[in-house]
Amino acid sequence: MSQENYYRPYRWVVLAAFMVVAGVNQMLWLNFVPLLSEIQSKYNVSETLASTLILCFPLLYVILSMHSGAMTDRKGYRFTVGLGAATMAVFSLARIYTDSFYALLIGQVGIAVAQPYILNGITKLSADWFAIEHRALATGLGTAGMFTGMALGLALSPSLNETYGLTTTMIIFAAITIVCSGFFLIAAKENHKTEPDEMAQMRSFTASSELLQLLKDPAIALVTLIGFLALGFFNGLTTWFEGLLGENGIDPVQAGLVGGVMILGGILGSLIIPAISDMTKRRKPYLVFCGISGLLLTMPLVTGTNITMVYVFGGLLGFLFLPGYALLLAMSEELAGAERAGGAAGALMMAGNAGAVIIAAAMDAIRSDTSGWRPAEYLLMAVLAVILGLAFFTRESFRTTPDA
């Protein structure tokens, strides 16, 4: 494809359409996090059963990630993301029936099924519409859209629920989902098509064989392992945020606001740090920097009792650590090549969500009546230390593959 096609103004419309639909998906994922206590009380269910409204997302991502990545490579991101957006819109309607916990769960499971088909499209979209020197920025903007949705899910849900009640809150979220999904289906299109012989070659691989082919490359395997730990850390932290901060005297509303501040920091960081990475044409130093930041800031965040300082540490952790997600996605695409970008993103996200399930479950398992969440906090620190150590061994990926 000619270089000038990478600079068509319409690329920003396509990227914006992805940001919106990905953000809505993340909003629907996390909108029950600040409501877990109320869900337990309203439906008389255990904390474990209530948390399935959240944990079904990483679990189903593990199961469906490689299939969605392979579908993205074979059929294109417009088809795959559009399928996910339509599925998400349909199942958002199921959550309106709030008389039953299981209606909420069915809705969440359907939205969770849609998640990998939506999110795995970002690397393919970036490679399709953006030149390599702008791809980390494009991926950063895509992840900024996801983080915006997370922040809205954490911040809007308690206030809407308190003002209008759960049923109206679910109606509002369903309306937002339908409008934003429709926008993607109307606005999104592909910049160019993969050559037919390349497409035929890609169709000869199943999702599982594609995963094996990708992970035979040690550099991709290492990035995927870091993704397993990093996304596991983030999802474990956000899943049990209320409990981790609550034992320090921080109430659920404040904990939700701290989570919102952290994710807002991640939005800003995802706009700035990947852009600097593009300008300096380096990935590895910034990934290491993100790892160092996470290691330094997490313990003050989860042990702090001064709410002002907790807000500060939360914002800094988001700004300095969360952009590592965009860097990992950019590195996976550059190491795998544009034609396998969907599969590489699928492998990374599958590993990350497997980490989310394992680390979140481990955090819950090792907490105790005597030590509270402190053992889980030590587990998070150990995970971060391993992430930092592995980051030093990653391969610099910028310009490892030529543009198509």
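Quick caveat, the model's predicted, so the values are computed rather than measured.

(A) Focus on the pattern of salt bridges. Evaluated as defined, the whole model comprises seven salt bridges. Where arginine 282 meets glutamate 396, a salt bridge forms, and the shortest distance between an N and an O atom there is 3.3 Å. Placement of arginine 282 in the loop between helix H13 (252-280) and helix H14 (284-303) and of glutamate 396 in the segment after helix H18 (374-391) is noted, with a sequence separation of 114 residues between them. Owing to a relative accessible area of 24%, glutamate 396 belongs among the partly exposed residues under this scheme. Between aspartate 364 and arginine 367 there is a salt bridge, with its nearest N and O atoms 2.8 Å apart. If you follow the salt bridges from partner to partner, you end up with Glu47, Asp364 and Arg367 in one network.

(B) Empty space enclosed by the protein, seen in detail. Tallied over the full model, the rule gives four cavities of 30 Å³ or more. One number sums up the size of the largest cavity: a volume of about 160 Å³. In this structure, the largest cavity is lined by 16 residues; those nearest its centre are Gln26, Trp29, Met150, Leu231 and Met349. By residue class, the composition of the lining of the largest cavity is twelve nonpolar, four polar and no charged. Quantified by volume, the second largest cavity comes out at close to 130 Å³. As for the second largest cavity, its lining consists of 14 residues, of which Ala230, Phe321, Gly324, Tyr325 and Leu328 are closest to the centre. Of all elements in the fold, only helix H11 (218-239), H14 and helix H16 (323-336) reach the threshold of two or more residues within the lining of the second largest cavity. Considering every element that reaches the lining of the second largest cavity, the biggest residue donor is H11, with four residues. Among the residues forming the lining of the second largest cavity, the class breakdown is twelve nonpolar, two polar and no charged.

(C) Fine view of the packing of helix H4 (residues 77-94) against helix H8 (residues 166-187). Packing of H4 against H8 brings their axes to within 9 Å, and their N-to-C directions diverge by 160°. Of the possible angle classes, the one that applies to H4 and H8 is roughly antiparallel. Here H4 runs over H8; the crossing is left-handed. Taken together, the residues of H8 that come into contact with H4 (itself represented by Tyr77, Arg78, Val81, Gly82, Ala85, Met88, Ala89, Ser92 and Leu93) are Ala174, Thr177, Ile178, Ser181, Phe184 and Leu185. Of the residues belonging to the contact of H4 with H8, the class tally is ten nonpolar, four polar and one charged.

(D) Highlighting the confidence of the model for the protein. Per-residue confidence for the protein gives a mean pLDDT of 85; residues scoring 70 or more make up 91%. Taken as a whole, residues 193-205 scores under 50 in pLDDT and shows eleven contacts with residues more than four places along the chain or in a different chain.

(E) Representation of unusual backbone geometry in the model. Of note in this structure, asparagine 44 is not a glycine but carries a positive phi near 55°. The exposed category is assigned to asparagine 44, whose relative accessible area is 71%. Positive phi outside glycine occurs at lysine 281, with the angle close to 60°. Position of lysine 281 relative to the elements: it lies in the loop between H13 and H14.

(F) Examining the layout of surface pockets more closely. What the largest pocket holds in volume is close to 280 Å³. Surrounding the largest pocket, 14 residues form its lining, Pro34, Leu35, Pro158, Pro252 and Val253 being those nearest its centre. Only helix H2 (36-43), helix H7 (135-164) and H13 provide two or more residues apiece to the lining of the largest pocket. The element best represented in the lining of the largest pocket is H7, accounting for six residues. In the lining of the largest pocket, the residues fall into eight nonpolar, four polar and two charged.

Quick notes on the rules
- Counting of residues starts from 1 at the beginning of each chain's written sequence and follows it residue by residue.
- Totals for whole chains, interfaces and linings use every residue, but because this is a predicted model, local features are given only for residues with pLDDT of at least 70 and side-chain atom pairs only at 80 or more, for both listing and counting.
- Only heavy atoms go into the side-chain values, all of them from the structure, while hydrogens and water stay out.
- For this analysis, a salt bridge means a side-chain nitrogen from Lys or Arg found within 4 Å of a carboxyl oxygen belonging to Asp or Glu.
- Going along the chain from the N terminus, every DSSP run of H or I of four or more residues is numbered as a helix, and every run of E of two or more is numbered as a strand.
- Relative accessibility under 20% of the residue-type maximum defines a buried residue, over 50% an exposed one, and the middle range a partly exposed one, all with a 1.4 Å probe and only protein chains included.
- In the cavity and pocket records, a cavity denotes points on a 1 Å grid over the protein atoms alone where a 1.4 Å probe fits but cannot get out, a pocket denotes an open set with protein on both sides within 12 Å along at least 5 of 7 lines, and lining residues are residues with an atom within 4 Å of a point.
- Grid points are joined across faces, edges and corners, and a volume is the space filled by probe spheres set on the points.
- Residue polarity is assigned by list, with Asp, Glu, Lys and Arg as charged and Ala, Val, Leu, Ile, Met, Phe, Trp, Tyr, Cys and Pro as nonpolar; anything else, Gly included, falls into the polar class.
- To define axes, lines are fitted to C-alpha atoms, for helices over the stretch in contact only, and angles between the resulting N-to-C directions are given on a 0 to 180 degree scale.
- The scheme is simple: roughly parallel for angles under 35 degrees, roughly antiparallel for over 145, roughly perpendicular for 65 to 115, oblique for anything else.
- Each helix crossing is assigned a hand: it is left-handed if the near helix lies turned anticlockwise from the far helix by less than a right angle, otherwise right-handed if that turn is clockwise.
- In what follows, residue pairs with any heavy atoms lying within 4.5 Å of each other are defined as contacts.
- The predictor's confidence in any single residue is recorded as pLDDT, a number from 0 to 100.

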